[in-house]
Structure formats: C-alpha cells, structure tokens
Amino acid sequence: MRAPWAGPLGLHHPGRSVLHRAPVAAKLVALAALSLAVVLVRGLTAAVAGLALVVGATALARVPWHRTTRGLLPVVLTAVALGAYQTWVGDPARGAEAAVDLLTLVLAGSLVTATTRADDLLAAVTRAARPLRHVGLPPETVGLAVSLFLRTVPVLVRTVAETRDAARARGFERDPRALVVPAAVRMVGHARSTGDALAARGLGDD
Amino acid sequence: MITFEDVEVTAWTSDPAGGADRVVRLLGPVSLALAERRVAVVGANGSGKSTLARLVNGLVLPSAGRVVVDGLDTADDGAAVRRRVGFVFTDPDAQIVMPTPVEDVALSLRRTVPDASERTARALDVLARFGLADRAHVPVHALSGGQRQLLALAAVLATEPAVLVCDEPTTLLDLRWRTRVDDLLASLDQQVVVVTHDLEAAARADRVLVVDGGAVVADGPPGPALAHYRALMTGASAAPSGERRP
Ligand SMILES: Nc1ncnc2c1ncn2[C@@H]1O[C@H](COP(=O)(O)OP(=O)(O)O)[C@@H](O)[C@H]1O
Ligand SMILES: [Mg+2]
C-alpha cells in the first residue's frame, strides 16, 4: 500500500521552537509579506535569498526534513518543469527564478501550517475575517473554510490515487477522462456530503 | 421522543427525455412515534432510509406533515434540533473537518467550552473514552477507516446529544470494526436510531422499521419485522422491490 501523502500543507508538527510560539497573526502577516516580496522583487539573487530565509526558518522550527522534503517532492518536480520550460523558451534566468520562487512560497506555507495548531489557525483566520461580516460573510464560516481546505487536500490525493488505480485496472492507462471524470464526480459527492455533515454538526448554524 | 406526523417528502426531478419536470415522492406518508432506546431501520438501496434518517435532524424537511423531536419542530427550530440530535454518516471523511482528532473533537466543543486549553483537555478526555487517546495528535488521514469512524462518533457524542442517528455507520468497516462500533452504539445512554444493512445488529434493537419504496412496510419487534424484510428481499413476498431511481 502507498503511504498516505498529505500534500505539502496541513501537517502540524508539534514543537516548542520560536516559530511554534509566535502569534499566528504574526506568522500569517509574515507569510503574506514574503509572498508579495517573492512575486514583486525580480532577479535570481532576491529569489535565492528568499528561499534561504525560508530554509533557515524551517531549520529554526526543527520540522524534520524528511517530512518536509517528502511533502515537497511533487512541488520540486513542478518547479523543475517550470524552470526547464522557461529555459527552453530562451530565458534560463527567468526559469531559475520562477522555480526558486515557487519552492519558497510552498515551503513558507507548509512551515506556517507545520508550526501552527489548526485550532489556533482557525481562531486567527476567524478574527482576521471579522471585517467581512459587513459584506455578509460570517467570520466563523471563513475560518471553517480554511480548515476544510486543509482537510480536503489528503482526501483529494487519495481519491485521485484510487481513481487512477481503478482506471489502470480497467486498462485505461492513458485516457485522462478515465481519471478526471470519476475523480471529479467523487469529489463533488464528497463536497455535498461534507456540507450535510457540517450542517448536522451544527457548524455554520450560528 | 421523535414523532412523524403524516410526513411526506417529495422532490422535483427533470425528465431525461426532455419532458416537463415532475414531482416524485421519495417518502411517505409516514406517521411514527419513536420512544424506544434502540431503533433500527432496514431496507433496500434507494428505499428511502437516508431520507427518513435525515428528517430526524432536519437535514431533510418534510414537504407535508411535520417532524417533532422533544417538542421541537425540525422545520421551525432546525439548529436547536441539531443540537439535540447527533448524526453520524457512512463516510467519516465527509464529517471530519480538522487535521487531527483532538482538534476535530475540540471543534465540536467550541459552542459549549469557550476556553481553548480547557477545550483541548476535554477533547482529550473524550478521545480517551473512545480508546483513541494515543491517536489524538496523529493526522486524520493516517488513521484506519475504523479509527476514523470512531473519531466521527466521538466528535458527535462529545456534545452529549440526547439522540444519535447513524446512517449506515458500519457499511465501510471490516467485521472487527463493525462489531466494535455496534457494541459502542449498544452501550450508549442516548436514544439511538441506526440505519443498517447488518441484520445481526438490527436484531438487537428494541424496534425495527422496514422501509420499502418510500414507505414503512413493517414496524415492530426485530423478529417479525426482520422476517418480513428477508421475505421481501428474497422475493418470497408479492410486494414489489424497493429499488427506485429518480
Ligand atoms: N434530492 C433528491 N431528488 C430526487 N431524488 C432523490 C433525492 N434524494 C434522494 N432521492 C431518491 O430517493 C430515493 C430514496 O433515497 P435514500 O433515502 O437515499 O435511500 P436509501 O438511503 O434507502 O438508499 C432514491 O431513489 C434516491 O435516488
Ligand atoms: Mg442511504
């Protein structure tokens, strides 16, 4: 059996590092600032500096590397593909920068979820979403949506893996429809039952 | 006490041939008063069991008639009814919201326990009671299917609802986990209404409802009700099969 891959996000790793003890809001603001900087500041030097910063922070948080790297493997592959494509269209510097930027963003995101308990994240997002009340969005619901998103990643990964195995068992090795259609149908079904279950648990009633 | 008063559930379906939409009756009319501590609901796939179960906590509202739980009408006081009636689904993945068991149980307690650390402590107590103490901080996706269903139950029972409704809670489980969940349900103080394909479990109920084609066709002690159901499913009776497609 394949060991469950949880995606790069959503795995909390308990610890007592500075990052674990930092206020959630501060981490979210830092993540937002870093993301903006990564996207706005051009140049390979800046990109590498950003990555070094996040790698340093990960070491500081003492999140085990094997977990981080395993979660990141598909992202690394995507980053390499992205870099290779940019190089192929004749802009290797741009390619390297894009690849490094992508890694930085995902690593930073997974660092925040690894060092933050979901309960605290939920509370912080709910607090941050308070102004949205004025446009008719209940903050509790926004916080819940974020938690649900994190929970859905492993479910989606498992659904795709099972659907791919089922397609291969039926001899559809290459037909993308045999993967996409049943997986999409199952995820829509999953979304509907999740909605029912939330209502049944009284979440979103208030 | 759960009462159904002339309850009917209808739905619009579109005609695949392109004709006009029409109304189909999914359930009813059903009148029931359920006071027994253990009620089992059995029936073929598509017979209307889930519709019946969901009526109890207001996830489905009657198109006609009313459903009343401890004096609360599900159509008027849905949120209050859902606080009294816990509901467990077949697939725990649809029900578990948070990444770890302790956080998911804590989420259930948000309304009643405002203090976060107190909430975590209470959640750990609940998990210990359900034999999940050593799984409290493990990512939910790393739990076995049986452990996930146990967690779903723990999260719902954490708020101590007066009634527990389970819609095929053991259908996805192997025999060992099925026995464990059935034993757990049997040990609860709550009134339990369970939809099941497990006739051994149904035989231990105080009362069995047999649903077929959107109607309750047998209702009573397990012996005669389950005999009726077996006859229905093996075609020994003249009654039509319950399978309906919208
Ligand atoms: N919203 C709906 N619209 C139309 N048909 C529905 C709807 N919900 C359920 N049905 C149909 O109603 C019947 C009873 O469904 P359900 O209560 O889920 O049965 P069971 O749980 O016994 O399998 C099925 O034929 C199902 O396809
Ligand atoms: Mg059903």
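The coordinates are above.
Note that the coordinates shown come from a computational prediction; the quantities given were computed from them, not determined experimentally. (Residues numbered from 1 in each chain as written. Chains lettered and ligands numbered in written order. Predicted model: local features only at pLDDT ≥ 70, side-chain atom pairs only at ≥ 80, totals over all residues. Heavy atoms only, no water.)

Engineer: I'm lost on the packing of helix α3 (residues 44–61) of chain A against helix α5 (residues 92–114) of chain A in this one. Help?
Structural biologist: For any two helices packed against each other, the geometry is given by the interaxial angle and the distance between the axes. Residues and elements named next belong to chain A. α5 packs onto α3 with a crossing angle of 25° between their chain directions and a minimal axis gap of 9 Å. Judged by the inter-axis angle, α3 sits roughly parallel to α5. In this structure, the crossing between α3 and α5 has a hand that is left-handed. Residues L44, A47, V48, G50, L51, V54, V55, A57, T58 and A61 of α3 touch α5, and the partners they reach there are A96, E97, V100, D101, L103, T104, L107, A108 and L111. Here the residues of the contact of α3 with α5 are counted per class, giving 14 nonpolar, three polar and two charged. (Axes fitted to C-alpha atoms, helices over the stretch in contact; angles between N-to-C directions. Helix = DSSP H or I, 4+ residues; strand = E, 2+ residues; numbered from the N terminus. Parallel < 35°, antiparallel > 145°, perpendicular 65-115°, else oblique. Left-handed = near helix turned anticlockwise from the far one by under 90°. Contact = heavy atoms within 4.5 Å. Nonpolar A, V, L, I, M, F, W, Y, C, P; charged D, E, K, R; others polar.)

Engineer: Could you clarify how one ought to interpret a nonpolar patch on the surface in this entry?
Structural biologist: All names here are of chain A. Taken together, the side chains of L36, V39, L40 and V41 make up a nonpolar region of the molecular surface, amounting to roughly 390 Å² of accessible area. The topology assignment puts L40 in helix α2 (residues 24–40). Of the residues examined, L40 reaches a relative accessible area of 62% and is grouped as exposed. (Patch = residues over 30% accessible without salt bridge, like charges linked within 9 Å, V, L, I, M, F, W, Y side chains within 5 Å. Areas by Shrake-Rupley, 256 points an atom, 1.4 Å probe, with all protein chains shown as cover. Salt bridge = Lys/Arg side-chain N within 4 Å of Asp/Glu carboxyl O. Buried < 20%, exposed > 50% of the residue type's maximum accessible area, 1.4 Å probe, protein only.)

Engineer: What is the right way to read the sheet that holds strand β4 (residues 64–69) of chain B from this model?
Structural biologist: Strands pair in a sheet through their backbones, by hydrogen bonds, and they do so in one of two ways: parallel or antiparallel. Residue and element names in this part refer to chain B. Pairing within the open sheet is antiparallel, and its four strands lie in the order β2-β1-β4-β5. Of all the strands in the sheet, just β2 (22–34) and β5 (72–73) have a single pairing partner and so form its edges. Here strand β1 (residues 2–13) runs beside β4; their pairing, made up of five bridges, is antiparallel. Considered in β4, the bridge of F4 is made with V67. Against the sheet, helix α1 (residues 49–56) makes contact with β1, β2 and β4, and its axis sits at roughly 125° relative to β1, the strand it touches most. (Pairing = 2+ DSSP bridges.)

Engineer: Please clarify how the interface of chain A and chain B should be interpreted in this entry.
Structural biologist: Size of an interface: often given as the accessible area lost when the parts come together. Opposite the 30 residues of chain A that make contact, chain B presents 28 residues. Surface buried jointly by chain A and chain B totals about 2,600 Å² across both partners, of which 54% is contributed by carbon and sulfur atoms. Contact with chain B buries surface across chain A, with A:D119, A:R151 and A:R201 losing the most and accounting together for 28% of the total. Remark: the boundary between chain A and chain B carries two salt bridges. (Buried area = accessible area lost by both parts, 1.4 Å probe.)

Engineer: Help me understand the packing of aromatic side chains in this model?
Structural biologist: Both the distance between ring centres and the angle between the ring planes are used here to describe each pair of aromatic rings. In the structure shown here, the tally under the stated rule is two aromatic pairs over all chains. Aromatic side chains A:Y85 and A:W88 sit 6.2 Å apart centroid to centroid with 45° between the ring planes, which places their arrangement in the tilted category. Here A:W88 and A:Y85 lie together in helix α4 (residues 65–88), a separation of three residues that amounts to about one turn. Judged by relative accessible area, which is 48%, A:Y85 ranks as partly exposed. Taking the relative accessible area as the measure of exposure, A:W88 reaches 71% and is therefore exposed. For the pair B:F87 and B:F89, a centre-to-centre distance of 4.7 Å together with 45° between the ring planes defines the contact as tilted. (Phe/Tyr/Trp six-rings, centres within 6.5 Å; stacked < 30°, edge-to-face > 60°.)

Engineer: Looking at this model, I keep getting lost on the nonpolar core. Mind explaining?
Structural biologist: Looking at soluble globular proteins, one finds that nonpolar side chains tend to be buried together. Residue and element names in this part refer to chain B. Among the nonpolar cores identified, the biggest contains 46 residues, and V105 and L164 are the most heavily contacted of them. Counting residues per element, this core draws most heavily on helix α5 (residues 145–157), at seven residues. Ignoring sequence-local partners within four residues, the contact set of V105 consists of A123, V126, L127, L151, A155 and A158. Among the nonpolar cores identified, the runner-up in size contains 29 residues, and I2, F4, L34 and L209 belong to it. (Core = buried A, V, L, I, M, F, W, Y, C linked by side-chain atoms within 4.5 Å.)

Engineer: Just to check I follow, could you spell out the pattern of salt bridges for this structure?
Structural biologist: For side chains bearing opposite charge, pairing can occur when the charged atoms are close. Considering all chains together, one arrives at 13 salt bridges over all chains under this definition. Here A:D196 makes a salt bridge to B:R54, at a shortest N to O gap of 2.6 Å. Taken together, the positions of A:D196 in helix α8 (residues 176–200) and B:R54 in helix α1 put the pair across two chains. Here B:R54 falls in the buried class, since its relative accessible area comes to 17%. Across the pair B:R66 and B:E5 runs a salt bridge whose closest N-O atoms are separated by 3.1 Å. With a gap of 61 residues between them, B:R66 in strand β4 and B:E5 in strand β1 connect regions that are remote in the sequence. Through salt bridges that share partners, A:R42, A:E97 and A:D101 make up one connected network.

Engineer: Please clarify how the packing of α5(B) against helix α6 (residues 175–187) of chain B should be interpreted in this entry.
Structural biologist: Residue and element names in this part refer to chain B. Running from amino to carboxyl end, α5 crosses α6 at an angle of 15°, the nearest separation of the two axes being 10 Å. When the interaxial angle is binned, α5 and α6 end up roughly parallel. Crossing hand, α5 versus α6: right-handed. Facing α5, whose interface residues are G146, Q147, L150 and L153, α6 presents W177, R180, V181, L184 and L185. Of the residues that constitute the contact of α5 with α6, the class distribution is six nonpolar, two polar and one charged.

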